[in-house]
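Chain residues, written in single-letter form:
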Amino acid sequence: MNLIFLGPPGAGKGTQAKLLSARYEIPQISTGDILRASVREQTPMGSRAKSYMDSGSLVPDEVVVGIVEERLQKEDCKKGFILDGFPRTIAQADSLKVTLDSIGKNIQHVISIAVDNEELLTRITGRRTCEKCGKGYHVSFDPPKTQGKCDVCGGDLCQRDDDKEETMRKRLTVYDLQTEPLIEYYSKQSLLRTVPGTGSIEDIQKSIVKILEATA
Ligand code: AMP
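About the thresholds
Residues numbered from 1 in each chain as written. Predicted model: local features only at pLDDT ≥ 70, side-chain atom pairs only at ≥ 80, totals over all residues. Heavy atoms only, no water. Pairing = 2+ DSSP bridges. Helix = DSSP H or I, 4+ residues; strand = E, 2+ residues; numbered from the N terminus. Contact = heavy atoms within 4.5 Å. Axes fitted to C-alpha atoms, helices over the stretch in contact; angles between N-to-C directions. Near = heavy atom within 4 Å. Polar contact = N/O pair within 3.5 Å; in protein donor to acceptor, adjacent residues only side chain to side chain. Areas by Shrake-Rupley, 256 points an atom, 1.4 Å probe, with all protein chains shown as cover. Nonpolar A, V, L, I, M, F, W, Y, C, P; charged D, E, K, R; others polar. Buried < 20%, exposed > 50% of the residue type's maximum accessible area, 1.4 Å probe, protein only.

### Quick notes on the sheet that holds strand 6 (residues 136-138)
Two modes of strand pairing occur in sheets, parallel and antiparallel, and in both the strands are linked by backbone hydrogen bonds. Overall, antiparallel pairing links the 3 strands, which are arranged 6-5-7 in an open sheet. Each of the sheet's edge strands pairs with one partner strand only, and the pair in question is strand 6 and strand 7 (157-158). Where helix 6 (residues 117-125) meets the sheet, it contacts strand 5 (127-130) and strand 6, and its direction lies at approximately 25° from that of strand 5.

### Considerations on the site of the ligand
Of all residues adjacent to the ligand, which total 16 residues, the nearest are Thr31, Arg36, Ser57, Gly85 and Gln92. Here a nitrogen atom of the ligand and a backbone polar atom of Val59 are 3.0 Å apart. Burial of the ligand by the protein chains amounts to 95% of its free accessible area of 470 Å². Taken together, the residues of the shell around the ligand break down into 6 nonpolar, 5 polar and 5 charged.

### Here's the deal with the pairing of strand 1 (residues 2-6)
Buried residues dominate strand 1, accounting for 5 of its 5 residues. Residues Asn2, Ile4 and Leu6 line one face of strand 1 and the alternating positions Leu3 and Phe5 line the opposite face, and both faces are buried. With 4 bridges connecting them, strand 1 and strand 3 (residues 81-84) associate as parallel partners. What sits directly across from Ile4, in strand 3, is Leu83. The pairing of strand 1 with strand 4 (residues 109-114) spans 4 bridges and is classified as parallel. Looking at the pairing, Leu6 lines up with Ser112 of strand 4.

Rendered as structure tokens:
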């Protein structure tokens, strides 16, 4: 099963992709995670991507297209894959098609997760991550027992630079301008299904699985 998750930052693409990845035993390919790892490791690609990411802009298409192209050739993608946060522009979607054609694959489903902007701002600006072990929290919906400290390892909780309110507003504008056109792009190919991204994580997962299994 080859899937794309589409949706604004904070819609829950990563959470849902992770659950589906475990359920169907196919990898979750998150360009955001791959880029953040490159920034942490200070690779040449990470150094190039950092300023775009910190400002809430998209990293240039050729950088992310290269990452995905390489990743999709790996053995673990044979049974399927879940693209989380890619494509984010029409040019990326066109390149993805060329890559998939060249390896004899295609996309079977594009799941768009819809959440309104005010809800997204609340979700994202409250997000915190443990610097040490990476566990995620939310200041209102899933707070740690001790403010600012990880329940598991006692590490300091930090906020991603691009989760700060001003950058988040920029990311939402970037989404509307550059990524939202993909909804029409994939609708025209009859691949798109939209799922409301509000409600419990489990209920959203159930709606997604229902779509995938009804059309499998
Ligand atoms: P995410 O974790 O998916 O929200 O991604 C965090 C940041 O990484 C984005 O705001 C972009 O700067 C960059 N990024 C991730 N995926 C892409 C992509 N497909 N195209 C361009 N930039 C991306």
